[in-house]
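Listed below are the residues making up each chain.
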Amino acid sequence: MRQSIFIFLALVLVGVVVFTFWFSGENSNHAVSSTSTGPVSNNSPQHHVENNFSNTPSGSKFSIPLCPRSIWGYAYVYPNETLTILLYPSIDYLKNTTFVDLYLGNISISYSTSNVLSLTNSSGIAGRVPLPLDLKFSSPGREISITGNALLLQLWKGRAIVNESSMPVWLYFQVASVKPEDIHLKFGRYSSLYTSFKTGSDTFEYTATVTNLYHKSIVIENVSFPLSELQKIPSPPDIRILRFELVDIASNESLTRLPPNSTALLKVFVEVPSNVDGLYFKPKLIIRVGENTTAIPSPPMEYVRVVNCG
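Being a predicted model, the structure only gives us computed values, none of them experimental.

## A few points about the overall build of the protein
And then number 1: When helices and strands are counted, the protein shows four helices and 19 strands.
And then number 2: Within the span of the protein, comprising 310 residues, buried residues form 45% of the whole.
And then number 3: Within the protein, residue pairs in contact and separated by at least 24 positions form 75% of the contacts whose partners lie at least 6 positions apart.
And then number 4: A total of about 16700 Å² of accessible surface is found on the protein, and carbon and sulfur atoms cover 53% of it.

Structure, rendered in structure tokens:
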């Protein structure tokens, strides 16, 4: 009798041990712990979260999630002028996420994915959505650079990062000492985006209407894009301004000077080599009014080589 009771108790004990081990093993495969807060939609997002994007490697489904694949650029800007750089992530890459965070240097911004995808129809690039990044530089006379593997895009779903992609950028900004009210030259319509479908060396045309509000004629002496002077390592691609001209809008004839209270079209022809996928182009104009020469900012333009977007 005692032997039967002992065997029964032993079997019960073994059963309890096996059940406990099985139950704890099942729960360990589904346990989720998080003390983080989710993303917030503001210009300075602060996220403290355990990243789990390693489970879904960047680019595992999308060979080129961000377009262009890299950006070179130069901009001559007024103090407090706001610049907008557009990136083009894949629409499919953004799906099934809730927030998008974008970082460039010490600049950050957060968007809800639904708001970003609502811009799809304004992209102009099939399968891509324009994602704006606003930049503003307030200190006159300063030179600012954002270079290297500097741009990071993070995708959130709920309170977890599910994917991220980075892009190398080489951007230089020079902040003019003059203010817009000091310059009596008005820019009207201008070309803001050029999408290229060529794979080799390419040439694009930058245009902007210019109205002279000075009491004297003006001469545009130079259109400067000094990226090669500012960027040393790595050496920048050979982006060249081939020529520029002022053209009378009515007659389409070239002008050597722009009379007071008249408007003409500025044309700048730019050559980019095959290894340039993205270019931010905001040149410095050197104008002469009488005996005085002044450097002034011009409107911005972006070049995107679409064939390399995948």
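## Some words on the sheet that holds strand E17 (residues 284–289)
And then number 1: The three strands are arranged E12-E17-E18 in an open sheet whose pairing can be described as antiparallel. Each of the sheet's edge strands pairs with one partner strand only, and the pair in question is strand E12 (218–224) and strand E18 (292–297). Strand-to-strand twist of the sheet, defined as the mean angle between neighbouring strand axes without regard to direction, takes the value 25°.
And then number 2: Inspection of the sheet shows E12 paired to E17 by six bridges, in the antiparallel sense. Its bridge partner lying in E17, isoleucine 220 is registered against isoleucine 287.

## Structural notes on the pairing of strand E7 (residues 143–157)
And then number 1: The sheet contact formed by strand E4 (residues 99–104) and E7 spans six bridges and is antiparallel. When the sheet's bridge partners are listed, leucine 102 is paired in E7 with leucine 153.
And then number 2: Pairing between E7 and strand E8 (residues 160–175): 13 bridges, direction antiparallel. By the bridge assignment, isoleucine 144 is partnered in E8 with phenylalanine 173.
And then number 3: The turn linking E7 back onto E8 is made up of two residues, and glycine 158 within it adopts a positive phi angle of 65°.

## Let's talk about the sheet that holds strand E5 (residues 107–112)
And then number 1: The strand order across the open sheet built from eight strands is E5-E4-E7-E8-E2-E16-E19-E10, with neighbouring strands paired in mixed fashion. With one partner strand each, in any of the chains shown, E5 and strand E10 (193–196) form the two edges of the open sheet. Mean inter-strand twist for the sheet, computed between neighbouring axes without regard to direction, equals 20°.
And then number 2: Alignment of strand E16 (residues 278–282) against strand E19 (residues 301–305), held across four bridges, turns out to be antiparallel. Directly across from glycine 278, in E19, lies its bridge partner valine 304.

## Digging into the pattern of salt bridges
Side chains that carry opposite charge are capable of pairing whenever their charged atoms lie near each other.
And then number 1: Here the structure, examined in full by the defined rule, presents eight salt bridges.
And then number 2: Of the charged contacts, one joins glutamate 271 and arginine 240 as a salt bridge, the two residues approaching to 2.6 Å between their closest N and O atoms. Here the residue glutamate 271 occupies a position in strand E15 (residues 263–272), and arginine 240 occupies one in strand E13 (residues 240–248), the gap between them amounting to 31 residues.
And then number 3: In the salt-bridge network here, residues are joined through shared partners; they are Asp238, Arg240 and Glu271.

## Points about the side chain of lysine 267
And then number 1: As for its placement among the helices and strands, lysine 267 is situated in strand E15.
And then number 2: For the buried lysine 267, which has no salt bridge, the nearest side chain bearing the opposite charge is glutamate 205, at an N-O separation of 4.1 Å.

## Observations regarding the environment of aspartate 248
And then number 1: Secondary-structure assignment places aspartate 248 in strand E13.
And then number 2: Each C-alpha atom of the pair aspartate 248 and threonine 209 lies 10.0 Å from the other, and the pair is 39 residues apart in sequence.
And then number 3: Excluding residues that lie within four positions of it along the chain, aspartate 248 makes contacts with Glu253 and Leu255.

## Some details on the nonpolar core
And then number 1: Ranked by internal contacts, the top residues of the largest apolar core, which has 36 residues, are Leu185, Phe204, Ile239, Leu279, Phe281 and Ile287.
And then number 2: Ranked by the residues each element gives to this core, the list is headed by E15, at five residues.
And then number 3: Leaving out residues up to four positions away in the same chain, isoleucine 239 has contacts with Trp72, Phe225, Leu227, Val270, Glu271, Val272, Pro273, Val276 and Leu279.
And then number 4: Of all hydrophobic cores here, the second largest spans 33 residues; its members include Val100, Leu133, Leu135 and Ile144.

About the thresholds
Residues numbered from 1 in each chain as written. Predicted model: local features only at pLDDT ≥ 70, side-chain atom pairs only at ≥ 80, totals over all residues. Heavy atoms only, no water. Helix = DSSP H or I, 4+ residues; strand = E, 2+ residues; numbered from the N terminus. Buried < 20%, exposed > 50% of the residue type's maximum accessible area, 1.4 Å probe, protein only. Contact = heavy atoms within 4.5 Å. Areas by Shrake-Rupley, 256 points an atom, 1.4 Å probe, with all protein chains shown as cover. Pairing = 2+ DSSP bridges. Axes fitted to C-alpha atoms, helices over the stretch in contact; angles between N-to-C directions. Salt bridge = Lys/Arg side-chain N within 4 Å of Asp/Glu carboxyl O. Lys, Arg positive; Asp, Glu negative; His and termini not counted. Core = buried A, V, L, I, M, F, W, Y, C linked by side-chain atoms within 4.5 Å.

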